[in-house]
Amino acid sequence: MAAKIIDGKTISAAVKEQVRAEIERDRIKAGLAVVIVGDDPASRVYVNNKKKACELCGIQSFEYALPAETSEEQLLELVDTLNSDDKVNGILVQLPLPKHLDEKKVIERISPLKDVDAFHEMNVGKIMIGNYAFLPCTPAGCMELIRSTGVDIAGKECVVIGRSNIVGKPMAMLLLHANGTVTVCHSKTHDLPEVCRRADILIAAVGKPNFVTADMVKPGAVVIDVGINRMENGKLCGDVKFDEVSEKAGFITPVPGGVGPMTIAMLMRNTLTAAKIQAK
Ligand code: GUN
């Protein structure tokens, strides 16, 4: 039987509408600074989408588009300026940065109170112990998508493929906080298909097109595809082989239109949270 498609566009629109309504109701002033260095076309698309979402939610957005040859000192100086700007509640430095810039150093320079990506060590630590203001955007978006299925995470076998700091690791933490039994797989995992087949909830965050095939999926499973891979023909493709897995899974997210829009919606929610914290 064909899987139900989890509609990230509709669910993300509802989250953005909640944010918009709260900002309007409580007359909150919220501002997000987005910094982009260089001219990576994918980053440009993401940044434009973030700007559009800000407009929709009533969040003021400030864009800083810097040339690829920007020095680390210049970038850190900009971060310092934004840290002390009261109109800026959230700061997002679009990754990846050009190779000559140290991403870690830049992220750690962002004030943890304005770190709406939740990439700063302090926020990562808070996520680990389950005491956090900012949710990591992509994993938090995945959680909303899982909740939308009505499947209760508590006690379920949850398998995360990929162990990145941005997705895999925080995803595992959020599932654990929701009382899932969590396994994280990676390139050194023995018999990865067998581990995946145990999953009631399977999260693919590998960055390899069509990596998850139907033989790796338990019938009826919830399959969340975090992959956004650009194919040679220009089309986007997820980490999951959608055509065959959608015949076996219970629920599945499409690419595009699944996790992608949720990440941005959660960023809007974090920016609102930042504005509220800083107003106190
Ligand atoms: N590049 C790809 N995804 C993200 C994200 O969520 N935040 C930032 N800052 N850069 C990214």
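Residues numbered from 1 in each chain as written. Predicted model: local features only at pLDDT ≥ 70, side-chain atom pairs only at ≥ 80, totals over all residues. Heavy atoms only, no water.

Draft legend 1. Broad picture of the pattern of salt bridges. Using the criterion set out here, one finds 15 salt bridges in the structure. Measuring nitrogen to oxygen at the nearest pair gives 4.0 Å for the salt bridge that ties glutamate 244 to lysine 241. Using a relative accessible area of 35% as the deciding quantity, one classes lysine 241 as partly exposed. Here the salt bridges do not stand alone but share partners, grouping Glu17, Arg20 and Glu24 into one network. (Salt bridge = Lys/Arg side-chain N within 4 Å of Asp/Glu carboxyl O. Buried < 20%, exposed > 50% of the residue type's maximum accessible area, 1.4 Å probe, protein only.)

Draft legend 2. Structural detail: the pairing of strand S7 (residues 201–204). What you see with S7 is no split at all: Ile201 and Ile203 on one side and Leu202 and Ala204 on the other are buried throughout. Strand direction decides the pairing type here: strand S5 (residues 157–161) and S7, joined by four bridges, are parallel. Considered in S7, the bridge of isoleucine 161 is made with alanine 204. As paired elements, S7 and strand S8 (residues 222–225) share four bridges and run parallel to each other. For isoleucine 201, the partnering residue across the bridge sits in S8 and is valine 222. (Helix = DSSP H or I, 4+ residues; strand = E, 2+ residues; numbered from the N terminus. Pairing = 2+ DSSP bridges.)

Draft legend 3. Main features of the site of the ligand. Around the ligand, the neighbouring residues are Leu92, Val93, Gln94, Leu95, Asp117 and Phe119. Valine 93 has a polar backbone atom sitting 2.8 Å from a nitrogen atom of the ligand. The class makeup of the residues in the shell around the ligand is four nonpolar, one polar and one charged. (Near = heavy atom within 4 Å. Polar contact = N/O pair within 3.5 Å; in protein donor to acceptor, adjacent residues only side chain to side chain. Nonpolar A, V, L, I, M, F, W, Y, C, P; charged D, E, K, R; others polar.)

Draft legend 4. Examining the sheet that holds strand S1 (residues 4–5) more closely. Sheet architecture is open: six strands sit in the order S1-S11-S8-S7-S5-S6, paired in parallel fashion. Only two strands of the sheet have a single neighbouring strand rather than two, namely S1 and strand S6 (181–185). Across the sheet, helix H7 (residues 168–177) lies against S5, S6 and S7, angled at about 170° from S5, the strand it touches most. (Contact = heavy atoms within 4.5 Å. Axes fitted to C-alpha atoms, helices over the stretch in contact; angles between N-to-C directions.)

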